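# An overview of the molecular structure
Single-letter residue listing:
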Amino acid sequence: MKKTLGLVALMGFLAACGGENNSGGNTAPSAPNTVAGLVTDIGSGVRLAGVTVRVVGSSRTATTDNRGEFILQNLPAGLVKLDFEKAGYAPGHGIAESTSSAQTVVVALKKEGTEQGYDPTQARTLFQRTEAGPYAVIFQPNSLDTTDTNLRVVVTPLDPTKEDTALPGDLVAGGASPTPLAPVTFAEFSILDSQNRRINLKPGFSATVELPIPPELRSRYRIGDKIHCYAYNPQTGRWEDFVEGTVERSSVDGTTPVLRASIRHFSWYGGAPAVQDQECVDVYVSNRFGPLEGAVVTARPGLRAVTNRNGRAFITIEKGVPVNFTATKTYTDTFVDNNGNLIPKPGAKVIDIGKVYEEDLIGLDGKNYSRTPGPCPGASVQSLRPAATNPLPIRVAPAPEGFFQAIALLQPGGVAFVQLEKGIPNADGDLDNAEPASGAQIIISDNTGKTATLSELAPGSGAYFANNFTVEPGKRYTLNIDADGNGSVDGSGSAFAVGNVAWSNLSNGGSYSASSLTATWSDSAAAQPGYNVLYQVYFQRNGGSGVSDLAFYMGSERSFQPRAQTNPPTPLAAGTYTVTLNAFSGAFSGGDLDITDNITGVGMQGQIYSVQPVNPITITLTAP
Amino acid sequence: MRVGMLLGLIGLVACSSPPSARPHYVLVSQAGSSTVAVIDPTQGKTIQHITVGGLPHRMILSPDGRKVYVVLVGSQAVAEVDVRSLAVTRTFLTAPVPERRADGTLIQAHFDQDAFAQTTCFACHNPGGAKPFIVGERPVGIAFSSDFGRLFISHIRQGQLSEIDLESGKVVRAVNLPPSGSANEAADVARVGSKLVVALRPRQPSTEASAVRWLDEQNWQPLAEAPTGSDPAFVLPLEEGALVSNFESNTLSLHVPGAAPQRFTVTPGPLGMLRVGEGQVLSLNYYSNAVSLLDLKTGQSENHRLELAGTTFVNPTHAALSPDRRLAYIVSSGTEGRLLVFDLKSARVLRAIPIDGLSFDVVVVERL
């Protein structure tokens, strides 16, 4: 036994040495006609075990292990279409090329919407509401290909501005000269009968769908605009049935701008116009051993490319919008030792992933990467291109084991602080058995290019902050977190530090008319593009507890007329009031200060936010 | 004597053989890339891209075979492509450049940049240029006048029908057609003799009826009208009538003025149609990835899925005949675009040539 251990240790040592000497980590085996993959939850980033993976057009299946990973070997060459199924999630789909080296599929599943009953002999509008508005499907009577009258309809909305990794397949108009498609709004429509079989429309029949335009895109797509729509065909692995939809007001609520279009096949469906304004980007993919050949790089919105022996690839993207880049590489019969070396081991596999979200590149290396107008030239021409001077770097490494959660606070005029924990997410998305996560590499940067690396406050604390780095009110900050410290960014997120907030027309000890007072305040960052802050204001009469003694405001306006919580609202009762004003930015939204994850990645999630409390003041309100 | 015999033999052979496929190119409008692809079917590949303008869709070949007119749905224009040089020689606006937006506000940039002097909105609204990329009244349908000196263009927005004089390149007449019920978009126009046929549809998606309206070619006075499906996509002119594809269904309807429409069944999603022989029409059925060979006399149709070597080719839109009339070139317009070489006799796909995804129409031109 001792001998065996010694031999293994020696082999590990030799392999590690080999890796260091010849950058041999990149020469680890990558078996042909093999597809490996990682399946996560789009909402939490957690790896999903027990997902059934089916190869379309064959009987081949696999199931994700407790790390959310799977591998399919000895596949026929060519395009491989994969279906992913897990109870409680909308159907997922992925594609990969079965080629001379193993390829990776990284799929995120979305929790399905609420089930709704439907009798298909009736005309009916069914919808699933989100913050963006109602996602609706409008059925004509007897249009479904079934005699079952007890159907269940599930509409799963997807906002591509936040969840584009859950979209199946490539959003590309392919063929002779591929063109990226820019995702606007999507949903998955499942109609199930009593036997849990998927039901579709009768041949020659259609339904109408309405998909809200995400708030972030409403300035680009106006009422009356036409947007091309597609349905995903799992059989071909392509987006098909290209028809034109129109931006109109929702027929459900009469206000939300929605993309309204006809649908012929229930599956994933949505709008994505062809990208007209394109650029060619030079990317450089590396791991800890150096440049990485054969890495698959995907850009959204954009195309797909494979790196050459120098780790370089040219990839076409949409110009003028933030683009997300993902690079993957799979090694077979290999594992990673504690030193990060790739070690031969039959049956093992390593999935390297690197993500770069252009929006989060502020101040980081690569922000000013080289790009040229128009689509990238064809492959034969690419090899003749001179090397650009500043390629976009994408560092890849194995996706983190376990699950990390980060809470980051930007204190205006103070510090940036991050608490990082590692554990196992429970059904609510919270971490069970959470422990502080040490050894992370966390970089903070502001929108002027200033960066700093956060240090762990005390070994084992999982608390990180940056020395000599003061958070300036009104600046936008981005965190890039390499949670396991292996060289690749596992999660990132951005938020504005709240500006300097102060009362404009109230002062401590002042006296004001209860009936005519409109409280106003200023925020030094209010004019910043994209600045989105919630203000919380309380008027509480000292010693009072009735409905006429309290006024409350939560919203993004910078003025407020305090009114009692009566119906109809009336001026507050006369008296002495304590008035508080707080400002929140980042992970907070809505009238109830809902907290949403704005640090996202594979194997991690979290929130970055900023809070600015203004010192409470005492004022007197006089009777009307 | 020998020379005479030889010439005679050559003459016999020439007469007894089927007409040979003259050297030709296939032109395909590629909506996603603002181009027309020039495809050499012999090489089986695209040999040239001609940038024509935003969202090129329908195309029509001049009777002398020397010009192709391409409707630019996104640029409110028609591009004239010279078949010999395979280049755009002119562009024509199909409607005036507007001074104001729909909400009444002034479009100052149109004044600052003298947009009114342009002959296509693509001059400014192009990739990297002014936003939005897609502008205008959305011309879609196209037909020649009886003397082939003018083009009739139908528009989606406001149901406009316009007439372009090909010599001057100017719009000489434009009318917003009165709606028929809720049908107010002029989805297509064709000419049958001295009559125009316009398909008016409601704003999509809709389940309400559309209308097929007959107009006098000269004065555009209505002559007849009949209802059809909710989404008529294409009007195929015949000798006496017009065949309309009801895209929302699995039917084609034959319209003749003064007669009740006659309905034919094909497979779901009929879009383009092509006359392939006496009384025979090839229907391109977008949603069923199939074509139907329809005999207008018997009403019978044969349906054929578009497949080759286990691959299904999706979303066929339009087709054109090879010069020897044996083959139909079919556009498969999914995101993986293909030009299918379809043998009409055996009714099967012989070859699939890669083209851009989201392609639309096709014409065959001689190599001049």
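Preceding this paragraph is the structure being described.
First things first, this report covers the structure right here in the doc. Here the structure is a predicted model, which is why all the values come from computation and not from measurement.

Scanning chain B for helices and strands turns up two helices and 30 strands. Computed over its C-alpha atoms, the radius of gyration of chain B comes to 21 Å, within 12% of the 21 Å expected for a compact globule of 368 residues. Seen through its C-alpha atoms, chain B measures out along the principal axes to roughly 80 × 45 × 45 Å. Considering chain B as a whole, with its 368 residues, one finds that 57% of them fall into the buried category. Contacts in chain B between residues at least 24 apart in sequence constitute 43% of all its contacts with a sequence separation of at least 6. About 15,000 Å² of surface is accessible on chain B, with carbon and sulfur atoms providing 53% of the total. Side-chain charges of chain B comprise 32 positive and 33 negative groups, with the mean position of each set lying 5 Å from the other.

The next point concerns the interface of chain A and chain B. If you look at the interface, chain A gives 34 residues, while chain B gives 33 residues. Carbon and sulfur atoms supply 50% of the area buried between chain A and chain B, which totals about 2,900 Å² over both sides. Considering only the side of chain A, the residues that lose the most area to chain B are F242, R264 and Q276 of chain A, jointly responsible for 23% of the buried surface there. Remark: the boundary between chain A and chain B carries four salt bridges. R138 of chain B is paired through a salt bridge with E244 of chain A; the nearest N and O atoms lie 2.2 Å apart. At the surface where chain A touches chain B, the tally comes to nine residue pairs in polar contact (both at pLDDT 80 or more). Of all the secondary-structure elements, those providing two or more residues to the side of chain A that touches chain B are β12 (172-173), β16 (226-233), β17 (238-249) and β18 (257-263) of chain A. Here the element with the most residues in the side of chain A that touches chain B is β17 of chain A; it accounts for ten residues. Of the residues in the side of chain A that touches chain B, the class split is twelve nonpolar, 13 polar and nine charged.

We now examine the state of the cysteines. Per the counting criterion, the structure on display carries one disulfide over all chains. Here C280 of chain A connects covalently by a disulfide to C376 of chain A, the sulfurs 2.1 Å from one another. Its torsion about the S-S bond being 105 degrees, the disulfide of C280 of chain A and C376 of chain A is classed as right-handed. Of this pair, C280 of chain A sits in strand β20 (residues 278-287) while C376 of chain A sits in the loop between β27 (371-373) and α3 (379-382), and the two are 96 residues apart along the sequence. The pair formed by C280 of chain A and C376 of chain A is uniform in burial state, with each residue classed as buried. Its sulfur unpaired, C124 of chain B is 8.1 Å from the next cysteine sulfur, which belongs to C121 of chain B.

Residues and elements named next belong to chain B. Residues K131 and P132 are joined by a peptide bond in cis, for which omega reads -5 degrees. Along the chain, P132 falls in the loop between α2 (108-112) and β8 (139-144). The residue after Q204, namely P205, is reached through a cis peptide bond having omega -10 degrees. If you trace the backbone, P205 turns up in the loop between β13 (195-202) and β14 (210-216). Located in the positive-phi region is D114, a residue other than glycine, with phi close to 50 degrees. Judged by its relative accessible area of 44%, D114 falls in the partly exposed class.

Quick look at empty space enclosed by the protein now. All names here are of chain A. The full count for this structure, using the stated rule, is one cavity of 30 Å³ or more. Volume-wise, the largest cavity comes out at about 60 Å³. I353, G354, K355, A399, P400, S488, V489, D490 and V602 are the residues that line the largest cavity. For the lining of the largest cavity, a count of residues per class yields five nonpolar, two polar and two charged.

With that out of the way, let us pick up the pattern of salt bridges. Taken as a whole and assessed by the stated rule, the structure comprises 38 salt bridges over all chains. Residues participating in the shared-partner salt-bridge network are R47, D65, R67, E69 and K349 of chain A.

For the rest of this paragraph, the subject is the packing of aromatic side chains. As enumerated under the stated definition, the model contains 25 aromatic pairs over all chains in all. Ring centres 5.8 Å apart and planes at 55 degrees place the aromatic pair F139 of chain A and F266 of chain A in the tilted group. With F139 of chain A in strand β10 (residues 133-139) and F266 of chain A in the loop between β18 and β19 (268-271), this pair connects stretches of sequence that are 127 residues apart. The buried category is assigned to F139 of chain A, whose relative accessible area is 1%. Owing to a relative accessible area of 4%, F266 of chain A belongs among the buried residues under this scheme. Ring plane angle 85 degrees and centroid distance 5.9 Å describe the contact between Y69 of chain B and F144 of chain B, whose orientation is recorded as edge-to-face. In this pair, Y69 of chain B sits in strand β5 (residues 67-72) while F144 of chain B sits in strand β8, placing the two residues 75 residues apart along the sequence. The residues Y69 of chain B and F144 of chain B share a single accessibility class, namely buried. When the ring centre of F335 of chain A is taken as origin, the NZ or CZ atom of K345 of chain A, which lies over that ring, is 5.6 Å away.

About the thresholds
Residues numbered from 1 in each chain as written. Chains lettered and ligands numbered in written order. Predicted model: local features only at pLDDT ≥ 70, side-chain atom pairs only at ≥ 80, totals over all residues. Heavy atoms only, no water. Helix = DSSP H or I, 4+ residues; strand = E, 2+ residues; numbered from the N terminus. Rg over C-alpha atoms; globule rule 2.2 N^0.38 Å. Buried < 20%, exposed > 50% of the residue type's maximum accessible area, 1.4 Å probe, protein only. Contact = heavy atoms within 4.5 Å. Areas by Shrake-Rupley, 256 points an atom, 1.4 Å probe, with all protein chains shown as cover. Lys, Arg positive; Asp, Glu negative; His and termini not counted. Charge placed at Lys NZ, Arg CZ, Asp CG, Glu CD. Buried area = accessible area lost by both parts, 1.4 Å probe. Salt bridge = Lys/Arg side-chain N within 4 Å of Asp/Glu carboxyl O. Polar contact = N/O pair within 3.5 Å; in protein donor to acceptor, adjacent residues only side chain to side chain. Nonpolar A, V, L, I, M, F, W, Y, C, P; charged D, E, K, R; others polar. Disulfide = S-S within 2.5 Å. 1 Å grid on protein atoms, 1.4 Å probe; cavity = no way out; pocket = protein on both sides within 12 Å on 5 of 7 lines; lining within 4 Å. Points joined across faces, edges and corners; volume = space filled by probe spheres on them. Phe/Tyr/Trp six-rings, centres within 6.5 Å; stacked < 30°, edge-to-face > 60°. Lys NZ or Arg CZ within 6 Å of the ring centre and 35° of its normal.

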